[in-house]
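One letter stands for each residue in the lines below.
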Amino acid sequence: MSARILDGKACATELLQAATGRVAQCVVRGAGPCLAVVLVGDDPASQVYVRSKERKAAEVGVATRDHRLPANTGTDELLALVRALNDDPQVDGILVQLPLPRGVDSEAVLRAIDPAKDVDGFHPENLGLLMLGTPRFVACTPQGCMRLLAMGEVKLAGARALVLGRSTIVGKPIAQLLVQADATVTVAHSRTQALAEEVSRADVVIAAIGRPEFIRGAWIKEGAAVIDVGINRLASGRLVGDVEYAAAAERASAITPVPGGVGPMTIACLLSNVIDAAERRLGLR
Ligand code: GUN
């Protein structure tokens with residue numbers, strides 16, 4: 001079987017086009033959406049991510065407020081900034097780029113964000129609402145994975161889905177979204193036994209472990225759908241996912257490339273969440 005490529009760039013472009021129209025509606029009714037971005041320290045990867053988020057925001061007309069703080073910023077100072085942004089009526093969404101430097105209490109900072117402005121969907125209240133099946137903000141990467149599965153018309157009801165990775169940012173929320181889509185879900189992690197067997201039984205594989213090409217193509221069930229969240233840079237400079245792409249693509253019915261799969265969706269879903277927040281402020285939803 002030759003897999004259908006789930007093109008994240010194309011899917012994100014569609015979402016961003018819709019976003020542009022939604023922003024215009026917000027502007028007509030008052031103030032357009034605004035995202036506050038908080039970046040602490042000088043982690044190069046975080047700087048790249050933040051720059052692309054801000055660039056895409058500008059493209060669709062979402063205003064951004066940049067808060068760059070030195071690596072030695074303390075928890076109290078960050079909490080004060082988050083509280084000020086919570087109280088600022090012009091700010092619809094707050095994004096605190098992770099990871100925060102060592103020594104900062106990340107949990108406390110994420111919990112301090114007003115859940116109504118938590119466009120990352122990491123606040124316990126938003127994670128709880130997701131668990132209950134009544135989500136307010138769904139974390140951007142899991143949301144992007146679900147949109148890619150929908151674009152590929154992948155049948156989830158009754159399907160065996162395997163999520164590799166149990167992070168709060170990706171693995172846990174996506175497992176929940178798949179359960180709500182009526183899939184039978186297994187979550188695998190570093191202590192899982194017989195991983196190859198688990199993979200070979202799955203109709204849908206979501207890989208979010210951050211280990212280059214760890215999931216071998218030969219493990220993939222014939223006809224399975226594969227969503228690869230991993231973005232790993234090899235010593236050669238080449239970017240690869242968590243799945244051995246070429247071999248997996250020979251067996252899968254649908255697969256996301258790396259780069260150009262889940263990555264662009266994460267940013268598009270973030271901006272969609274910011275616009276959701278603005279629409280709620282304006283009583284449009
Ligand atoms: N660091 C890596 N991914 C993310 C994300 O989705 N949101 C935030 N805030 N930080 C991240």
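Residues numbered from 1 in each chain as written. Predicted model: local features only at pLDDT ≥ 70, side-chain atom pairs only at ≥ 80, totals over all residues. Heavy atoms only, no water.

> Let's hear about the side chain of serine 272: which residues, and what values?
Here serine 272 lies in helix H10 (residues 262–281). With a relative accessible area of 4%, serine 272 lands in the buried category. (Helix = DSSP H or I, 4+ residues; strand = E, 2+ residues; numbered from the N terminus. Buried < 20%, exposed > 50% of the residue type's maximum accessible area, 1.4 Å probe, protein only.)

> Help me get a handle on the nonpolar core, residues and values and all.
In terms of nonpolar packing, the biggest core is built from 54 residues, with Leu35, Val62, Leu149, Leu178, Val204, Ile206 and Ile227 touching the most fellow members. With 20 residues, the next largest nonpolar core counts Val38, Leu78, Val96 and Ala112 among its residues. (Core = buried A, V, L, I, M, F, W, Y, C linked by side-chain atoms within 4.5 Å.)

> Let's hear about the environment of glutamine 25: which residues, and what values?
Here glutamine 25 lies in helix H1 (residues 8–29). Under the relative-accessibility criterion, glutamine 25 is labelled partly exposed at 40%. In this structure the C-alpha to C-alpha distance between glutamine 25 and valine 262, which are 237 residues apart in sequence, comes to 28 Å.

> How would you explain the pairing of strand E4 (residues 93–96) if you had to name every residue and give the values?
Looking along a regular strand, one sees the side chains alternate between the two faces of the sheet. Alternating positions in E4 separate into two faces, Gly93 and Leu95 on one and Ile94 and Val96 on the other, with burial throughout. Two elements, strand E2 (residues 34–40) and E4, share four bridges in a ladder whose sense is parallel. Along E4, the bridge assignment pairs leucine 35 with glycine 93. (Pairing = 2+ DSSP bridges.)

> Could you give me a rundown of the state of the cysteines, with the residues and numbers involved?
Here, disulfide denotes a covalent bond that connects the sulfur atoms of two cysteines. Under the counting rule described, the total for this entry stands at zero disulfides. The thiol of cysteine 11 is not disulfide-bonded; the next cysteine sulfur, from cysteine 269, is found 7.9 Å away. Free cysteine: cysteine 145, not disulfide-bonded; nearest cysteine sulfur from cysteine 269 at 8.8 Å. Given the relative accessible area of 0%, cysteine 145 is considered buried. (Disulfide = S-S within 2.5 Å.)

> Just give me the short version of helix H6 (residues 140–151), but keep the residues and values in it.
Look at H6: 16 Å from first C-alpha to last across twelve residues, which is about the 16 Å you get at 1.5 Å a residue. Glutamate 153 sits one or two positions beyond H6 and adopts a positive phi of about 50 degrees. (Expected span 1.5 Å × (residues − 1).)

> Hey, could you go over the site of the ligand for me, with residue numbers and the actual values?
Taken together, Lys53, Leu95, Val96, Gln97, Leu98, Asp120 and Phe122 form the complete shell of residues around the ligand. The separation between a nitrogen atom of the ligand and a polar side-chain atom of glutamine 97 is 3.2 Å. Between the ligand and aspartate 120 there is a distance of 2.6 Å, counted from a nitrogen atom to a side-chain nitrogen or oxygen. Protein chains bury 81% of the 280 Å² of accessible surface belonging to the ligand in isolation. (Near = heavy atom within 4 Å. Polar contact = N/O pair within 3.5 Å; in protein donor to acceptor, adjacent residues only side chain to side chain. Areas by Shrake-Rupley, 256 points an atom, 1.4 Å probe, with all protein chains shown as cover.)

> Summarise the pattern of salt bridges; cite the residues concerned and give the values.
The tally for this structure, following the rule as stated, stands at 15 salt bridges. Arginine 68 is the salt-bridge partner of aspartate 66, the closest N and O atoms lying 3.1 Å from each other. On the basis of relative accessibility, which here comes to 41%, the residue arginine 68 falls in the partly exposed class. A salt bridge links arginine 285 to glutamate 279; the shortest N-O distance between them is 3.0 Å. Among the residues examined, arginine 285 registers a relative accessible area of 53% and is labelled exposed. Members of the salt-bridge network, linked through shared partners, are Arg22, Asp276, Glu279 and Arg285. (Salt bridge = Lys/Arg side-chain N within 4 Å of Asp/Glu carboxyl O.)

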